[in-house]
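An overview of the molecular structure
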Amino acid sequence: MKLEDIKAIVTGAASGIGRCIALELARAGAKVVGGDLDIDGLKSLETEAVELPGEIYGFQLDVANELSVKEFISLACEKIDDPNTLVNNAGILRDGLLVTRDEDGWLRKLPTAQWKRVIDVNLTGAFFMAREFAAVAIEQNISPALIINISSVTRSGNPGQSNYSASKAGLDADTRTWALELAPFGFRVAGIAPGLTNTPILSRVSPEALAEMTANIPLGRIAEPYEIWQAARFIIECDYLTGGVIDVDGGARF
Ligand code: NAD
């Protein structure tokens, strides 16, 4: 697919990696509808895109809410007519150990709500988006079409991230599953597994943990969002790529 032909829906577009992908697409002449919970972030994204050759429109979206996803996809279709690309990027961290002992010696268990919210946003949210997007694209005979799922280096397990690692491992499984299911309709589905990347999500990680993790990255630094965009661009332009997940992690594979 050519960048200038892309009509993309990008979730989590107000910040970090999603924002960078939305802006780079618009810089290349593509049309983008960005969805996010953060309305102010979407407004500033629209403003930043005004001078770019492409177009960006922002609408509020909760990927974990089925109704919100349906309404958002129909707004996106009105705005950019026949979207052909979905970037499932919205994601959250709510880290916690499965079981731990607090300073008073009491056992603390990872709260169910903390487990569920991450699964709801990172995995079920991507499922709601992919299902709605694929249904509309197939109904409108849009082909070729593309789904990019943003996974994570911690998909194979990381202490304190039962919820997050499981959500990303599940997402990778669905990258492969949807690639197989949707190929007959002219869809490609691929993933990107970023390592630590310089975005606001890292404010949830303690500076000490961040320093320790960075010290273990073979390339000696964390990624910039633009480097995740470079993988997205490769996926868009490589028409024979489907079902795979590209690691962009400075060598820090878990
Ligand atoms: P970020 O916090 O900067 O951006 C995430 C965006 O998602 C935010 O704008 C947030 O408002 C939005 N969001 C959260 N819940 C949402 C919901 N329910 N509906 C719609 N939007 C919602 O984080 P980021 O680093 O840019 O993360 C983007 C993706 O990259 C995530 O899936 C994350 O898991 C993944 N990732 C990030 C890193 C990293 O180190 N930054 C590493 C690996 C993977």
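Throughout, a residue's number is its position along its own chain's written sequence, starting from 1. Given that the model is predicted, a residue must reach a pLDDT of at least 70 before its local features are reported, and side-chain atom pairs must reach 80 or more before they are shown or counted; all residues, however, enter totals for whole chains, interfaces and linings. Values shown for side chains rest on all heavy atoms present in the structure; no hydrogens or waters enter the calculation.

If you look the protein up in an unreviewed UniProt entry, it shows as SDR family oxidoreductase from Sphaerospermopsis torques-reginae ITEP-024.

1. Here we look at the site of the ligand
Proximity criterion: a residue is near a molecule or strand once any of its heavy atoms comes within 4 Å of it. For the ligand, the set of nearby residues contains 29 residues, the closest of which are Ser15, Asp36, Asn89, Tyr164 and Thr199. In protein, a polar contact requires one atom able to donate a hydrogen and another able to accept it; more generally it is a pair of N or O atoms within 3.5 Å, and residues adjacent in sequence count only if both atoms are side-chain atoms. Interatomic distance of 2.5 Å between a side-chain N/O atom of Ser15 and an oxygen atom of the ligand. With respect to the ligand, the backbone of Ile17 contributes an N or O atom lying 2.8 Å from an oxygen atom. Throughout, the Shrake-Rupley method with a 1.4 Å probe supplies accessible areas, and for residues the shown protein chains are the sole cover considered. Across the complex, the protein chains shield 93% of the 830 Å² of accessible surface that the ligand would expose by itself.

2. Topic: the pairing of strand S4 (residues 85-88)
Here's how the labels work: a residue is buried when its accessible area is under 20% of the maximum for its type, exposed when over 50%, partly exposed in between, all with a 1.4 Å probe on protein chains only. Segments assigned H or I by DSSP are reported as helices when at least four residues long, segments assigned E as strands when at least two residues long, and all are numbered from the N terminus. Judged by which residues are buried, S4 turns out to be covered on both faces: Thr85 and Val87 on one side and Leu86 and Asn88 on the other are all buried. Two strands are counted as paired when DSSP detects at least two bridges linking them. With three bridges connecting them, strand S1 (residues 7-11) and S4 associate as parallel partners. Bridging from a neighbouring strand, Val10 pairs with Val87 of S4.

3. Remarks on the pattern of salt bridges
When a carboxyl oxygen of Asp or Glu lies within 4 Å of a side-chain nitrogen of Lys or Arg, that pair is called a salt bridge. Tallied over the entire structure, the rule returns eight salt bridges. Ionic pairing is found between Arg27 and Glu24, a salt bridge with its closest N-O pair at 3.2 Å. Here Arg27 and its partner Glu24 are both found in helix H1 (residues 16-27), three residues apart, which amounts to about one turn of the helix. Classification of Arg27 by relative accessible area gives partly exposed; the value is 44%. As a salt-bridge pair, Asp172 and Arg155 come within 2.7 Å of each other at their nearest N and O atoms. Of the two residues, Asp172 sits in helix H5 (residues 162-182) while Arg155 sits in the loop between strand S7 (145-150) and H5, which places them 17 residues apart along the sequence.

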